[in-house]
Structure formats: structure tokens, C-alpha cells
Amino acid sequence: MKTIKLLPLLALFILASCSSVRVNSDYDKKVNFENYKTYAFLKSGVDKVEISDLDKKRILRSIDEVMSTKGFTKDSNPDLLISIFTKEKERVDIYNSYGFGWGWNPYWGMNYTNVSTTPEGVLYIDLIDAKTKELVWQGEGSGNLTKDTNKKDERIYTFVSKILEQYPPEIK
């Protein structure tokens, strides 16, 4: 009976983990991030990204929105250049379920295996010092993607905002 009560809780954790974006960042510890106030996109980096132009626009608009909330302004002579990179793969989940049954055999009952695939993406956001052309900060976010065009804007914004939450780094 306890198993039946725990199933909805387990399902909730599985759904919560599917919708989240896992993030990580790295940075040059010798850089003073307070010197950066303006940014522009590195066209050569953005042009290399192998995703649809619509998704590129969604990512760039999301970056613009998040950077403006952080007090940055877009400028033709920027302090930072922003480049992006993406990867996509299929995530395969296999769920084995053992039901209830009668008899002496412990494997008796309703058993089934469910296999599902989910597209999972990784978005990298690189911040490059415009003067030195050196990478000073890199953020990475990975999580499930959606093909639902009504939810793409929201999902991409979630990726970008979660990644850029880690910028500027808290220097200890």
C-alpha cells in the first residue's frame, strides 16, 4: 500500500527533473567583471550555430532581455562580445514497472517496460572581452527541448535566464 502512495510523488519528481535546466559556468578568475557595461553579438559565432534562424532569434532576444535587466546596453563599440553554441541529442529513458500478482513466483504479475525519448539540448553562452578577444566567461545550460512552437519562446528564455543568473560570477 505504501508503494501506491509513493507513485504520485515519484511521478512529480520525474516531471520536475524533466522541466528543469541544469546550468554550469566557468570564468577567468583574473578578470574584473565590473569593467563590462556594454555588449554586442559576435556575428561570426552566431552565424556558425546550426539551428533554425527562428530559434537563433529567440535566443538572441532572450539574451538582450536578460542583459538589459542586468544593466547592460547593446553598443557598436562593446566591452563584451557574446557568442552562442548549441548541441542537441536524444535522451532515452527506460522505465520498468512491476505490478501486483498472485502465486509463488516473485515475477508473477503485470510487468512492462516503457521506453521514451526526449530531445535534450545544450546552450553555451560565451562572453568574450572585446579588446583582447579572449573568453572571460562561459555559461552552459542543458535540459529538455520542446517542439511545441507555442512554448519555444518560454523554454528558450528559461535556458538563457538560468544560464545568465550565474553572471557576473561571485568572486570569493
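A.B. asks: I'm lost on the overall build of the protein chain in this one. Help?
C.D. replies: Per the secondary structure count, the protein chain includes four helices and six strands. Reading the protein chain from its N end, one meets helices and strands in the order α-β-β-α-α-β-β-β-β-α. Looking at the protein chain as shown, the accessible area adds up to about 12000 Å², and 56% of this sits on carbon and sulfur atoms.

A.B. asks: I tried to follow the pairing of strand β2 (residues 38-41) on my own but got confused; where do I start?
C.D. replies: Within a regular strand, side chains alternate between the sheet's two faces. Burial of β2 is two-sided: the residues T38 and A40 facing one way and the residues Y39 and F41 facing the other way are all buried. As paired elements, β2 and strand β3 (residues 73-74) share two bridges and run parallel to each other. If you follow T38 over to β3, its bridge partner there is T73.

A.B. asks: How should I be thinking about the pattern of salt bridges in this particular structure?
C.D. replies: Any two side chains of opposite charge can pair, so long as their charged atoms come close to each other. Evaluation of the coordinates by the stated rule reveals six salt bridges. In this structure, the salt-bridge partner of D55 is K152, at a minimum N-O distance of 3.4 Å. Here the residue D55 occupies a position in helix α3 (residues 53-69), and K152 occupies one in helix α4 (residues 149-164), the gap between them amounting to 97 residues. Take D55: its relative accessible area is 15%, and that puts it in the buried class.

A.B. asks: Sorry, what's going on with unusual backbone geometry here?
C.D. replies: For residues other than glycine, phi is negative in most cases, and the peptide bonds are mostly trans. A cis amide bond links Y167 with the next residue in sequence, P168, at an omega value of -5°. Within the element layout of this structure, P168 appears in the segment after α4. With a phi close to 60°, K133 is a non-glycine residue in the positive phi region. Here K133 is to be found in the loop between β5 (111-129) and β6 (135-144). K133 gets classed as exposed once you look at its relative accessible area, which sits at 58%.

A.B. asks: Quick question: what am I supposed to make of the side chain of S83 here?
C.D. replies: The topology assignment puts S83 in strand β4 (residues 80-98). Look past the residues within four positions of S83 in its chain and what remains in contact with it is L42, G45, V46, Y124, I125, D126 and I128.

What counts, and where the lines are drawn
- Residues numbered from 1 in each chain as written.
- Predicted model: local features only at pLDDT ≥ 70, side-chain atom pairs only at ≥ 80, totals over all residues.
- Heavy atoms only, no water.
- Helix = DSSP H or I, 4+ residues; strand = E, 2+ residues; numbered from the N terminus.
- Areas by Shrake-Rupley, 256 points an atom, 1.4 Å probe, with all protein chains shown as cover.
- Buried < 20%, exposed > 50% of the residue type's maximum accessible area, 1.4 Å probe, protein only.
- Pairing = 2+ DSSP bridges.
- Salt bridge = Lys/Arg side-chain N within 4 Å of Asp/Glu carboxyl O.
- Contact = heavy atoms within 4.5 Å.

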